[in-house]
Amino acid sequence: SLRFPQKLWEMLESSKFQSIWWTEGGKCVAINKDLFEVEVLGREGQQVFHTQKIKSFMRQLNAYGFTKMQRNFQRSASLPEFLAEEAAASAHSQILYYYNPSFNRAHPWLSEMCKRR
């Protein structure tokens with residue numbers, strides 16, 4: 001049985017899941033919350049993680065040193081552009097971003113340093 005960081009890594013490297021992916025050049029993990037709940041946590045008989053609740057999964061991330069990141073969107077001055085950006089930002093609100101300095105796609109060996117607190 002793989003440790004949480006290894007399961008997460010394999011999931012990110014797999015093409016099976018649409019709800020979780022690498023961002024920022026492989027430095028952050030992005031999770032589409034609603035899709036992740038259905039696609040990963042709602043799997044019958046094929047549990048990837050030992051939970052069906054997003055809050056428990058997020059606690060696992062925190063326990064292994066991941067921190068939630070805020071996306072900073074630059075706002076435009078013109079009203080039409082601002083409204084378009086607001087719509088895009090609300091679509092992004094379902095996307096959670098997590099960062100751990102020891103979890104980097106370019107340096108797989110660092111994931112061994114992800115220890116449970």
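Just so you know, the residues in each chain are numbered from 1, in the order the chain's sequence is written. Per-residue local features are limited, in this predicted model, to residues with pLDDT of at least 70; the limit for side-chain atom pairs, both in listing and counting, is 80 or more; totals at the level of whole chains, interfaces and linings are taken over all residues. For the side-chain quantities, the full set of heavy atoms in the structure was used; hydrogens and water were omitted.

Enquirer: Please explain the overall build of the protein chain as it appears in this structure.
Expert: Every helix listed is a DSSP run of H or I at least four residues long, and every strand listed is a run of E at least two residues long, numbered separately from the N terminus. Each helix and strand counted, the protein chain has 4 helices and 4 strands in total. Listing the helices and strands of the protein chain from first to last along the sequence gives α-β-β-α-α-β-α-β. The 117 residues of the protein chain split such that 39% are buried. Excluding contacts between residues fewer than 6 apart, the proportion of contacts in the protein chain whose partners are at least 24 apart in sequence is 61%. Reported accessibility uses the Shrake-Rupley method at a 1.4 Å probe radius. Residues are deemed covered only where the shown protein chains occlude them. Carbon and sulfur atoms provide 53% of the accessible area of the protein chain, an area that totals close to 7,300 Å². Residue burial is assigned from relative accessible area. The probe radius is 1.4 Å, only protein chains are included, and a residue is buried under 20% of its type maximum, exposed over 50%, and partly exposed in between. Contact definition: two residues touch when any of their heavy atoms are within 4.5 Å.

Enquirer: How do you make sense of the packing of aromatic side chains when you look at a structure like this?
Expert: Side-chain rings of Phe, Tyr and Trp, where Trp is taken by its six-membered ring, are said to pair if the distance between their centres is within 6.5 Å; with planes under 30 degrees apart they count as stacked, over 60 as edge-to-face, and otherwise as tilted. If you walk through the whole model with that rule in mind, you get 9 aromatic pairs. Arranged with centres 5.4 Å apart and planes meeting at 15°, the rings of phenylalanine 4 and tyrosine 64 form a pair that is stacked. With phenylalanine 4 in helix α1 (residues 4–13) and tyrosine 64 in the loop between α3 (54–63) and β3 (67–69), the pair connects residues that are 60 residues apart, well separated along the chain. In this pair, the class of phenylalanine 4 matches that of tyrosine 64, namely buried. Between tryptophan 22 and phenylalanine 103, the aromatic rings sit 5.4 Å apart at their centres with planes inclined by 25°, giving stacked as the arrangement. Of the two residues, tryptophan 22 is situated in strand β1 (residues 20–23) and phenylalanine 103 in the segment after β4 (95–99); the sequence distance between them amounts to 81 residues. Each of the two residues, tryptophan 22 as well as phenylalanine 103, counts as buried. Through a chain of ring-to-ring contacts, three or more aromatic side chains come together here, namely Phe4, Phe36, Phe49, Phe57 and Tyr64.

Enquirer: So what exactly am I meant to see when it comes to the pattern of salt bridges here?
Expert: Where charged atoms of side chains with opposite charge meet at close range, the side chains can pair. Should a side-chain nitrogen of Lys or Arg be within 4 Å of a carboxyl oxygen of Asp or Glu, the pair is scored as a salt bridge. If you walk through the whole model with that rule in mind, you get 2 salt bridges. A salt bridge links glutamate 13 to arginine 105, with the shortest nitrogen-to-oxygen separation between them at 2.9 Å. Within this pair, whereas glutamate 13 is found in helix α1, its partner arginine 105 is found in the segment after β4, the two being separated by 92 residues in sequence. Residue classification places glutamate 13 among the partly exposed residues on the basis of a relative accessible area of 40%. The partner of glutamate 37 in a salt bridge is lysine 33, with the nearest N and O atoms 4.0 Å apart. You can see glutamate 37 and its partner lysine 33 sitting in helix α2 (residues 33–41), 4 residues apart, about one turn around the helix. Taking the relative accessible area as the measure of exposure, glutamate 37 reaches 29% and is therefore partly exposed.

Enquirer: Would you mind going over α2 with me for this structure?
Expert: One turn of the α-helix equals 3.6 residues, which is why residues spaced by three or four share an orientation. Where α2 is concerned, the buried positions are Phe36, Glu39, Val40 and Leu41. One face of α2 carries all of its buried residues, which in axial projection span an arc of 150°. Those residues of α2 hidden inside the fold are in contact with α1, β1, β2 (28–32) and α3. Directions drawn from the helix axis to the C-beta atoms are what define this arc.

Enquirer: Before we go on, may I ask you to explain the side chain of lysine 7 in this structure?
Expert: Checked against the element boundaries, lysine 7 lands in helix α1. We treat Lys and Arg as the positive residues and Asp and Glu as the negative residues; His and chain ends play no part in the count. We note that lysine 7 is buried and unpaired, the nearest opposite charge coming from glutamate 10 at a distance of 9.5 Å. The residues contacting lysine 7, other than those within four sequence positions of it, are Leu2, Val48, Phe49 and His50.

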